[in-house]
Amino acid sequence: MSEEFGSELDGKVAIVTGASSGIGSATAKSLASRGASVVVAARREGELEELAATIEDDGGDALVVPTDVTVDDDIDALVEATLDEYGRIDILVNNAGLMPLAHIGEADRETLQTTIDVNLTGLITLTHAVVPTMMEQESGHIVNLSSVVGRFLQANSSHYNAAKAGVKMFSDSLRLDVAEAGIHVSSIEPGAV
């Protein structure tokens with residue numbers, strides 16, 4: 001990487017969804033620069049391959065696992081590939097998301113359902129698949145990407161607002177379930193990026 005941050009994450013394994021661009025790509029690069037092996041997951045395999053090459057060119061370690069978080073078999077394959085390659089999961093960054101803005105009266109039902117499936121249901125399902133490994137390890141950190149619109153209203157976005165509010169509530173409740181097992185849960189609420 002262009003900056004030397006040290007090796008505070010040496011030996012740690014991180015899964016980052018939505019890693020093909022934006023926050024996910026930047027997060028994967030940052031984790032790798034700090035010593036973590038990074039499993040990059042998203043639907044766009046070409047972009048993931050480019051990201052992995054960048055990470056590896058800079059001395060990091062990356063594994064590409066094309067994943068659609070709305071497909072249960074993809075989620076299971078992501079967890080299985082990670083455990084097969086590294087034997088552990090220390091960090092899960094649930095970043096996959098989409099923000100199709102539309103007035104509720106004009107949005108089609110497929111858009112509404114996809115917004116919930118990607119931003120909330122996929123996040124919950126992947127977390128469900130990863131938590132048993134973290135509980136067995138008695139450690140881990142789950143980072144869920146919510147949004148400021150999970151707390152504050154935005155026009156033409158009621159379905160997206162609802163999904164991101166759900167992420168915040170899921171994160172807060174999950175923390176109660178897993179804290180005693182040594183698992184940390186964070187919810188990040190960025191604005192427009």
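Please refer to the structure higher up on the page.
Computed from a prediction, not measured in an experiment: that's the story for all the values here.

> How do you make sense of the side chain of Thr 17 when you look at a structure like this?
Relative to the helices and strands, Thr 17 resides in strand β1 (residues 13-17). From its side chain, Thr 17 meets the backbone nitrogen of Asn 95 in a polar contact 2.8 Å long. Among residues more than four places away in sequence, those in contact with Thr 17 are Gly 24, Ala 41, Val 69, Leu 78, Val 93, Asn 94, Asn 95, Ala 96 and Leu 126.

> Help me understand helix α2 (residues 45-57) in this model?
Think of an α-helix as turning once every 3.6 residues; residues three or four places apart then point the same way. Across its 13 residues, α2 extends 18 Å between first and last C-alpha, which sits within 8% of the 18 Å expected from 1.5 Å per residue. Within α2 the residues assigned to the buried category are Leu 48, Leu 51, Ala 52 and Ile 55. Taken end-on, α2 shows its buried residues confined to a sector of 100 degrees, consistent with a single buried face. In α2, the exposed positions angled more than 90 degrees off the buried face are occupied by Glu 50 and Asp 57. Elements that come into contact with the buried residues of α2 comprise α1 (22-33), β2 (37-41) and β3 (61-64).

> Even after reading the chapter, I still don't get the sheet that holds strand β6 (residues 183-188), so can you show me in this structure?
A sheet is described by the order of its strands in space; here six strands give the open sequence β3-β2-β1-β4-β5-β6, paired in parallel fashion. Looking at which strands have only one partner, the edges of the open sheet turn out to be β3 and β6. This sheet shows a mean twist of 15 degrees between the axes of neighbouring strands, independent of strand direction. Where β2 and β3 come together, four bridges link them in parallel fashion. Considered in β3, the bridge of Val 38 is made with Ala 62. In this fold α2 packs onto β2 and β3, with an angle of close to 165 degrees to the strand it touches most, β3.

> In this structure, what is going on with the pattern of salt bridges? I would like to understand it.
Working definition: two side chains of opposite charge can pair if their charged atoms are close together. What the rule picks out here adds up to five salt bridges. Taking the shortest distance from any N to any O, the salt bridge between Arg 88 and Asp 90 comes out at 2.7 Å. In this structure, Glu 189 engages Arg 151 in a salt bridge whose closest nitrogen and oxygen atoms are separated by 2.7 Å. With Glu 189 in the segment after β6 and Arg 151 in the loop between β5 (140-145) and α5 (158-178), this residue pair connects regions lying 38 residues apart in the sequence. Glu 189 gets classed as partly exposed once you look at its relative accessible area, which sits at 23%. The network of salt bridges with shared partners includes Lys 168, Asp 172 and Arg 175.

> Sorry, what's going on with the environment of Ile 55 here?
Topologically, Ile 55 is positioned in helix α2. In this structure Ile 55 comes out as buried when scored by relative accessible area, which is 0%. Distance in space between the C-alpha atoms of Ile 55 and Ser 37 is 9.8 Å, their sequence separation being 18 residues.

> It is not clear to me how a negative patch on the surface should be interpreted in this structure. Could you clarify?
Together, Glu 45, Glu 49, Glu 56, Asp 57, Asp 58, Asp 61, Asp 72, Asp 73, Asp 76, Glu 80, Asp 84 and Glu 85 give the surface a local cluster of negative charge. Within the secondary structure layout, Glu 56 lies in helix α2. Its relative accessible area of 41% is what places Glu 56 among the partly exposed residues.

Conventions we followed
- The residue numbering used here restarts from 1 in each chain and proceeds along that chain's sequence as written.
- Reporting of local features is limited, given that this is a predicted model, to residues whose pLDDT is at least 70; pairs of side-chain atoms are given and counted only at 80 or more, and all residues count toward the totals for whole chains, interfaces and linings.
- The basis for the side-chain values is all heavy atoms of the structure; hydrogens and waters are excluded.
- A run of DSSP states H or I qualifies as a helix once it reaches four residues; a run of E qualifies as a strand once it reaches two. Both are numbered from the N-terminal end.
- Think of a polar contact as two N or O atoms within 3.5 Å of one another; within protein, one of them needs to be a possible hydrogen donor and the other a possible acceptor, and neighboring residues in sequence only count if both atoms come from side chains.
- Contacts between residues were defined by any pair of non-hydrogen atoms, one from each residue, lying within 4.5 Å.
- To estimate the expected span of a helix, count its residues, drop one, and scale the result by 1.5 Å.
- Think of it in three bands: with a 1.4 Å probe and only protein chains considered, a residue is buried below 20% of the maximum accessible area for its type, exposed above 50%, and partly exposed in between.
- Note that the arc is computed from the directions linking the helix axis to the C-beta atoms.
- A pair of strands is treated as paired once DSSP finds two or more bridges between them.
- Throughout, an axis means a line fitted to C-alpha atoms (over the contacting stretch in the case of helices), and angles, computed between N-to-C directions, take values from 0 to 180 degrees.
- A carboxyl oxygen of Asp or Glu within 4 Å of a side-chain nitrogen of Lys or Arg is what we treat as a salt bridge.
- Patch building starts from residues that exceed 30% relative accessible area and form no salt bridge, then joins like charges within 9 Å and nonpolar side chains (Val, Leu, Ile, Met, Phe, Trp, Tyr) within 5 Å.
- In this description, accessible areas are obtained by the Shrake-Rupley approach with a 1.4 Å probe, and a residue is regarded as covered only by the protein chains that are shown.
- For the charge count, each Lys or Arg is scored as positive and each Asp or Glu as negative, with His and the chain ends excluded.
- The location of each charge is read from NZ of Lys, CZ of Arg, CG of Asp or CD of Glu.

Bear in mind that shape data such as this cannot, by itself, settle questions of function.
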